[in-house]
Amino acid sequence: MALDVGKKDQPEIDPALREQLAGLDALELGGATAKAGPARRVWSALWPIVTAVAISLLAWQAVVWSGWKETYVLPGPGDTLPEFWDQMTKGSFWEAVALTLRRAVVGFALSIVIGTVVGGLVSQSRILRRAFGSLITGLQTMPSIAWFPLSILLFKLSEGAILFVVVLGAAPSIANGLIAGVDYTPTILLRAGKVMGLRGVNLYRHLVLPASLPTFVAGLKQGWAFAWRSLMAGELLVVFGDTTSLGVLLSQARELADTPAVISYMIVILIVGIIIDQLFGFADRALRRRWGLERG
Amino acid sequence: MTQADTAAPSRTAAAVRLSGVSKAFGSGAGALLALDQVSLDVAPGEFVCLLGASGCGKSTLLNLVADLDKPSAGSVDIGNARVALMFQEPALFPWLNVTSNIELALKMRGVPRDERRARAAELLESVHLGGFAKKRPHQLSGGMRQRVALARALALTVDDSGGQRGTVLLMDEPFGALDAMTRDLLHDEIERIWRERELTVLFVTHNVREAVRLGDRVVLLSSRPGRVIEEFPVTMDRPRRIDAPDVSALAATITDRLREEVGRHGA
């Protein structure tokens, strides 16, 4: 047998090999790309948004100019923005925003807990994933406003009625994110994990959960969008006591035929939605960049 | 046997012993026979290259040795050797940096926490990546990732004194996705590590020159089903160059034999 051929003791670690490897490593990694200054980066992120806002305002103004509706029914940006600013400086307005955001946070937090628990349980087995996966996706596509009649019957006109629908809107997306993440854990990583002896709890802790994190965050992002929509629907439909929320302000303004106020509140709702969505987008991108899933 | 001093009775003489191993996937008429009556002994410290065209069951064979799968017939005996497996993809965990990837392997191997860092540093140093411990896998080149994967594979098999005696390293086309330049350097690397750590290597490839460059022995497998059709001892002195005339000559002989086997499927 030829097994000892060439296994003579030779001087170990050829310095030339070491050097060549280091050289190749350096070449393959390439030079670091220059990073733009902070001002430049802010500007490059900002100008598309500024342009989009400008174009929207212009389009709005164009519709007003066209004379499609009387200006007391559809006022232009020139009449609305001062009203918007007026609202922004009022304490009662901020109280309403605070109540709405508190409901959003409570509802979303509850959705995360329920979505994660349900997703975690369902993702345990392939059979459960098949059985409940399509049901959860079905819940996800169901318009949350359709839940309100039942919700009002169950909880009367109360915080509970709103919360119930917010959770039903958001939790399926969050659960689905987790299930999809577990389902699509790359097979090659699972194989590597198996070789390493990862099993049971360790398999989940060291491999499946971290691997499903980006999909889970995407689920959270979508869940937030559904929670915010359901909450607005809820605040318009479920009005009780003398609570003042964004939804209540919105429907009051409609009753008074105060279009500038209606549009102002809508702008606030839009902005809150965008800001929170951006936060999730930021978390998502940071995660992907860290993992090298996309070049930042 | 040349290693008479370590060779106790013939049962322990081989680091890996496959006896009449068959593996079928599925059952009944649709069953696919991946391996058919494969018998192969790999001596301790031997570097064996398994060569074959597509469908020769190379990867199946490694899975059987790694105990990731069970043979349909025959037996696989690796004694009390520890087995490490490396794939064509580095399969590093992207959420962990380089050193944490290796430390996780050490953890699963049962190395106490306070020793892991030093062990991981030592392993990284041995693949010449000491300076990259804090990088994430995606920040490294393909060749560097594959070296990290090698370090991780070795981490799974260190014994309590940090040695590697009795380790069977299974490599499934580990350099298949790399460019020729990188592959060439990694051939030198794997040869050095094999010698230093006294590993037993079972190396699967479809690159004939690579097999001749690295192996003490090249085992040629047929395709569908996989059978051992011929073995070629490689007796050239190490280190060999992949472009050396005697390496090329043997590679040509093996390639002819391989083509003959592949042609059989086209007839």
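Residues numbered from 1 in each chain as written. Chains lettered and ligands numbered in written order. Predicted model: local features only at pLDDT ≥ 70, side-chain atom pairs only at ≥ 80, totals over all residues.

A. Representation of the overall build of chain A within the structure. Within chain A, the regular secondary structure consists of eleven helices and zero strands. Its helices and strands taken in sequence order, chain A reads α-α-α-α-α-α-α-α-α-α-α from the N to the C terminus. Relative to a compact globule of 296 residues, whose C-alpha radius of gyration would be 19 Å, chain A shows 27 Å and is clearly more extended. Projected onto its principal axes, the C-alpha positions of chain A cover 95 × 50 × 35 Å. Burial analysis of chain A (296 residues in total) assigns 30% to the buried set. Partitioning the contacts of chain A with sequence separation of at least 6, the portion at a separation of at least 24 is 76%. (Helix = DSSP H or I, 4+ residues; strand = E, 2+ residues; numbered from the N terminus. Rg over C-alpha atoms; globule rule 2.2 N^0.38 Å. Buried ≥ 20, exposed ≤ 12 C-beta atoms within 10 Å, placed from the backbone. Contact = placed C-beta atoms within 7 Å.)

B. Looking closely at the domain arrangement of chain B. Residue and element names in this part refer to chain B. Taken domain by domain, chain B holds domain 1 (15-81 + 166-267) and domain 2 (92-165). Taken over C-alpha atoms, the centre of domain 1 sits 25 Å from the centre of domain 2. The interface of domain 1 with domain 2 comprises 14 residues on the first partner and ten residues on the second. (Domains from an automatic or database assignment.)

C. Seen up close, the UniProt feature "domain: ABC transmembrane type-1" (unreviewed entry) in chain A. As annotated by UniProt and renumbered to match this structure, "domain: ABC transmembrane type-1" (unreviewed entry) occupies residues 97-280 of chain A. For residues 97-280 of chain A, the helix share is 84%, the strand share is 0%, and the end-to-end C-alpha distance is 20 Å. (UniProt positions renumbered as here; feature names shortened; annotations may be inferred.)

D. Fine view of the environment of leucine 62 of chain B. All names here are of chain B. Within the secondary structure, leucine 62 is located in helix α2 (residues 58-65). Taking the C-beta count within 10 Å as the criterion, leucine 62 has 23 such neighbours and is therefore assigned buried. Residues in contact with leucine 62, not counting those within four places in the same chain, are Leu85, Leu170, Asp172, Leu202 and Val204.

E. Inspection of the packing of helix α4 (residues 91-122) of chain A against helix α9 (residues 200-237) of chain A at higher detail. Residue and element names in this part refer to chain A. Where α4 contacts α9, the two axes come as close as 10 Å, and the packing angle between them is 130 degrees. Classified by the angle between their axes, α4 and α9 sit oblique to one another. Once α4 is placed against α9, the crossing between them reads as right-handed. Contacts between α4 and α9 involve Thr100, Arg103, Ala104, Gly107, Phe108, Ser111 and Gly115 from the former and Gly223, Trp224, Ala227, Trp228, Leu231 and Glu235 from the latter. Tallied by class, the residues present in the contact of α4 with α9 amount to six nonpolar, five polar and two charged. (Axes fitted to C-alpha atoms, helices over the stretch in contact; angles between N-to-C directions. Parallel < 35°, antiparallel > 145°, perpendicular 65-115°, else oblique. Left-handed = near helix turned anticlockwise from the far one by under 90°. Nonpolar A, V, L, I, M, F, W, Y, C, P; charged D, E, K, R; others polar.)

F. Representation of the sheet that holds strand β2 (residues 32-42) of chain B in the model. Residues and elements named next belong to chain B. Ordered by their spatial adjacency, three strands build an open sheet running β2-β1-β4, and the pairing between neighbours is antiparallel. Single-partner strands in this sheet number two, and they are β2 and β4 (73-77). Put simply, the sheet's adjacent strands are angled 20 degrees from each other on average, direction ignored. As judged from the four bridges shared by strand β1 (residues 16-25) and β4, these two strands associate in the antiparallel manner. (Pairing = 2+ DSSP bridges.)

G. Looking closely at the interface of chain A and chain B. In this assembly, 32 residues from chain A lie in contact with 41 residues from chain B. Mapped onto the side of chain A that touches chain B, the elements with two or more residues apiece are α1 (15-29), α8 (187-196), α9 and α11 (259-291) of chain A. In terms of residue count, α1 of chain A provides more of the side of chain A that touches chain B than any other element does, nine residues in total.

H. Up close: α9 of chain A. An ideal rise of 1.5 Å per residue puts 56 Å on 38 residues; α9 of chain A reaches only 47 Å between its terminal C-alpha atoms. Taking the largest bend as the criterion, α9 of chain A deviates by roughly 50 degrees, centred on leucine 213 of chain A, and proline proline 214 of chain A comes between one and four positions later. (Expected span 1.5 Å × (residues − 1). Bend = angle between axes of the 7 residues up to and from the residue.)

I. How the structure looks around unusual backbone geometry. The linkage connecting arginine 224 of chain B with the following residue, proline 225 of chain B, adopts the cis geometry, with an omega of -5 degrees. Relative to the assigned elements, proline 225 of chain B resides in the loop between β8 (217-221) and β9 (228-233). Note that the residue after arginine 238 of chain B, namely proline 239 of chain B, is joined by a cis bond; omega there is -5 degrees. Residue placement: proline 239 of chain B occurs in the loop between β9 and α8 (245-266). If you check the backbone angles, alanine 257 of chain A has positive phi at about 50 degrees while not being a glycine.

J. Helix α6 (residues 180-196) of chain B, seen in detail. With 17 residues, α6 of chain B should reach 24 Å at 1.5 Å per residue; the first-to-last C-alpha distance of 24 Å fits that figure. For α6 of chain B, the secondary structure elements touched by its buried residues are α1 of chain A together with β3 (47-51), α5 (142-155), β7 (200-205) and α7 (208-214) of chain B. Downstream of α6 of chain B by one or two residues, glutamate 198 of chain B has phi in the positive range, about 50 degrees.

K. Up close: the nonpolar core. All names here are of chain B. Core analysis: the biggest nonpolar cluster contains 87 residues, and Leu50, Leu51, Leu170, Leu202, Phe203, Val218 and Ile254 have the highest contact counts within it. It is α5 that provides the largest number of residues to this core, a total of eight residues. Viewed by domain, this core spans two of them, domain 1 (15-81 + 166-267) and domain 2 (92-165), each represented by three or more residues. For leucine 202, the contacting residues outside a window of four places in its chain are Val16, Val42, Val48, Leu50, Leu62, Val65, Val168 and Leu170. (Core = buried A, V, L, I, M, F, W, Y, C linked by C-beta atoms within 7 Å.)

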